[in-house]
Amino acid sequence: MRIRTITCHDVGNYGASLQAYSLMRHLQGIGHDVKIIDYLPDYKPPCHSLATFYNSGRAALVYRYAPWLKPLMAFWQNRRELRFQKRRRAFDAFKARCLDTTERAYRNNGELAEAMAGGQRGGGDLDADLYIAGSDQIWNPYYGNGLDPAYYCAFVADPSRCISYAASFGKAILSPAEREFIRPQLANFRALSVREATGVEIARSMGYDARQVVDPVFLTSREDWERLAVRPRTEGYVLVYDFLHNDPRIERLACALARERGLKIVAVNDKGRLAYADRNVSDAGPAEFLGYIRNASHVVAASFHAAAFSVIFERDFYIFPMKGHGNSSRMTDFLRSVGLERRFIDGEAVGSDAPIDFAPVRNALATQVDASKQWLASQVRQ
């Protein structure tokens, strides 16, 4: 079967890249022709771009009278991103090497719909028998993608050719305005699956049945992830992934773990350096991110996919909510489903627990993975 997926695959985020890869590889592994639609909406500037111009404040005033200075002003606005150009290149290399995408990139739902209406059914690389929306927070209205019809397959005229897989609303409660937009969009699918139990409830409250399935990263075996991972040179460390670099509780727990166990602290960073880390890593791509989790003694993070890969690689871990974001349901729902809700710290950590016994976690997860694979296979066969 010819399948095209649409997700947030090229946004400079480790989990986004890896979940897109895993769904694609799983479907290819069971015999399908799969590509990721290279959807790069205008409201999501390229990762660590030096050329994105923000037309506001003094820059807007200067641009009004001297528009030819736009490239220089963009560079000045983004000058702090210079230190992350190696990270950007690592993500670009991962995309080129590991993600099979459509030849053409699309910038908005209109371009996608126009391409579909313009004869793509005759053989263009956007044409497919089945379109899959998901996974990750593609329906989170806090971000632009959650209010973008493209992520609800609005560009496909026939809903019988569309399903979602492990799509996430990213939060437990939608506002009335968000519900008003999303409710009719869900009619674009013949079958819905979501990643969180809270997502099932949201869909049900709007009149739709949805199946809960696992995040795509669990469709790939631990052994396959280990083959993809790049092993770091560092040994004996607590890995910190403070997504927003704004949670002092993460610092306190990481430092306590390091002192108790005589370990170094390694921070994988999306933004600036962490002063308390013994080593700051600002150039890691998705494969390197896997390696840092795989070889960590402990993981302390504010990230759903840091929790997911800690479970896959059976690393002791602690997960904090992202400060200022109401999207913790994706973390708590997952951890509760495998009996690890104690590893979610929504307060002040009081110290480290005993090492995780991963045997029951492994069993609980295997049941969910098998059911998710069966559901996906049944939808693909239709």
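It should be noted that the structure appears before, not after, this text.
A few points on the structure. Keep in mind it's a predicted model, so treat the numbers as computed, not measured.

What follows deals with the sheet that holds strand β12 (residues 316-319). Strand order in the open sheet made by the 5 strands is β10-β9-β8-β11-β12, with parallel pairing throughout. Strands with a single pairing partner mark the edges of an open sheet, and in this sheet they are β10 (279-281) and β12. Taking each pair of neighbouring strands and ignoring which way they run, the sheet shows an average axis angle of 20 degrees. Pairing geometry for strand β8 (residues 237-241) and strand β11 (residues 298-301), over 4 bridges, is parallel. Bridged to Y241 within β11 is A301.

This next bit is on the side chain of S310. Here S310 is to be found in helix α11 (residues 304-312). A relative accessible area of 0% places S310 in the buried class. Not counting residues up to four positions away in its chain, the partners in contact with S310 are I293, V299, R315, F317 and F358.

Looking now at the environment of H9. Of note, H9 is situated in the loop between β1 (2-6) and α1 (14-29). Placed 238 residues apart in sequence, H9 and D247 show a C-alpha to C-alpha distance of 26 Å. At a separation of 2.8 Å, a polar atom in the side chain of H9 contacts the side chain of D38.

Let's shift gears to the nonpolar core. Grouped together as the largest cluster of nonpolar side chains are 86 residues, with contacts concentrated most on Y165, W225 and L376. Contacts of L376, omitting those with residues within four sequence positions, involve L23, H26, L27, I132, I163, Y165 and L219.

The parallel open sheet is built from 5 strands, whose spatial order is β3-β2-β1-β4-β5. Only two strands of the sheet have a single partner each, and these edge strands are β3 (101-106) and β5 (162-164). For this sheet, the mean angle separating the axes of adjacent strands, direction not counted, is 25 degrees. Bridge count for strand β4 (residues 130-133) against β5 is 3 bridges, and the pairing is parallel. By the bridge assignment, I132 is partnered in β5 with I163.

With that settled, the discussion passes to helix α7 (residues 197-205). Taken as a whole, α7 has its buried residues at T198, G199, V200, I202 and A203. Contact partners of the buried residues in α7: β6 (193-194), β7 (211-212) and α12 (329-337). G207 occupies a position one or two residues after α7 and carries a positive phi of about 95 degrees.

Below, the discussion takes up the pairing of β11. On β11, burial covers both faces: H298 and V300 on one face and V299 and A301 on the other are all buried. By the bridge criterion, 4 bridges tie β11 to β12 in an arrangement that is parallel. Looking at β12, one finds that V299 is bridged to F317. As for the winding sense of the linkage, the β-α-β connection from β11 through α11 to β12 is right-handed.

The first and last C-alpha atoms of helix α4 (residues 85-98) sit 20 Å apart over 14 residues, in line with the 20 Å expected at 1.5 Å per residue. Tucked inside the fold, the buried residues of α4 contact α1, β2 (33-39), β3, α8 (222-228) and α10 (286-294).

Take the environment of R2 next. On the secondary structure map, R2 appears in strand β1. Once the C-alpha coordinates of R2 and G31 are considered, the two residues, 29 residues apart in sequence, prove to be 9.8 Å apart.

What follows concerns the pattern of salt bridges. In total, this model carries 22 salt bridges according to the counting rule given. Measuring nitrogen to oxygen at the nearest pair gives 3.6 Å for the salt bridge that ties D33 to R2. Here D33 is found in strand β2, whereas its partner R2 is found in strand β1, with 31 residues between them in sequence. R2 gets classed as partly exposed once you look at its relative accessible area, which sits at 22%. For R161, the salt bridge identified is with D127, shortest N-O distance 3.8 Å. Of the two residues, R161 is situated in the loop between β4 and β5 and D127 in the loop between α5 (109-117) and β4; the sequence distance between them amounts to 34 residues.

Bringing the packing of aromatic side chains into the picture now. Tallying each qualifying case throughout the model produces 19 aromatic pairs. Seen in terms of ring centroids, Y241 and F289 are 5.3 Å apart; in terms of plane orientation they differ by 65 degrees. Their pairing is edge-to-face. Of this pair, Y241 sits in strand β8 while F289 sits in helix α10, and the two are 48 residues apart along the sequence. Neither Y241 nor F289 differs from the other in exposure class; each is buried.

For β2, the tally of buried residues reaches 5 of 7 residues, placing the bulk of the element in the interior. In this structure, β1 lies alongside β2, joined through 4 bridges in parallel fashion. Bridging from a neighbouring strand, R2 pairs with D33 of β2. Where the polypeptide runs from β1 across α1 and back to β2, its parallel neighbour, the crossover connection is right-handed. As judged from the 3 bridges shared by β2 and β3, these two strands associate in the parallel manner. Bridge pairing links Y39 to Y106 in β3.

Reading the values: rules and limits
- Residues numbered from 1 in each chain as written.
- Predicted model: local features only at pLDDT ≥ 70, side-chain atom pairs only at ≥ 80, totals over all residues.
- Heavy atoms only, no water.
- Pairing = 2+ DSSP bridges.
- Helix = DSSP H or I, 4+ residues; strand = E, 2+ residues; numbered from the N terminus.
- Axes fitted to C-alpha atoms, helices over the stretch in contact; angles between N-to-C directions.
- Buried < 20%, exposed > 50% of the residue type's maximum accessible area, 1.4 Å probe, protein only.
- Contact = heavy atoms within 4.5 Å.
- Polar contact = N/O pair within 3.5 Å; in protein donor to acceptor, adjacent residues only side chain to side chain.
- Core = buried A, V, L, I, M, F, W, Y, C linked by side-chain atoms within 4.5 Å.
- Right-handed = clockwise from strand over helix to strand, strands pointing away.
- Expected span 1.5 Å × (residues − 1).
- Salt bridge = Lys/Arg side-chain N within 4 Å of Asp/Glu carboxyl O.
- Phe/Tyr/Trp six-rings, centres within 6.5 Å; stacked < 30°, edge-to-face > 60°.

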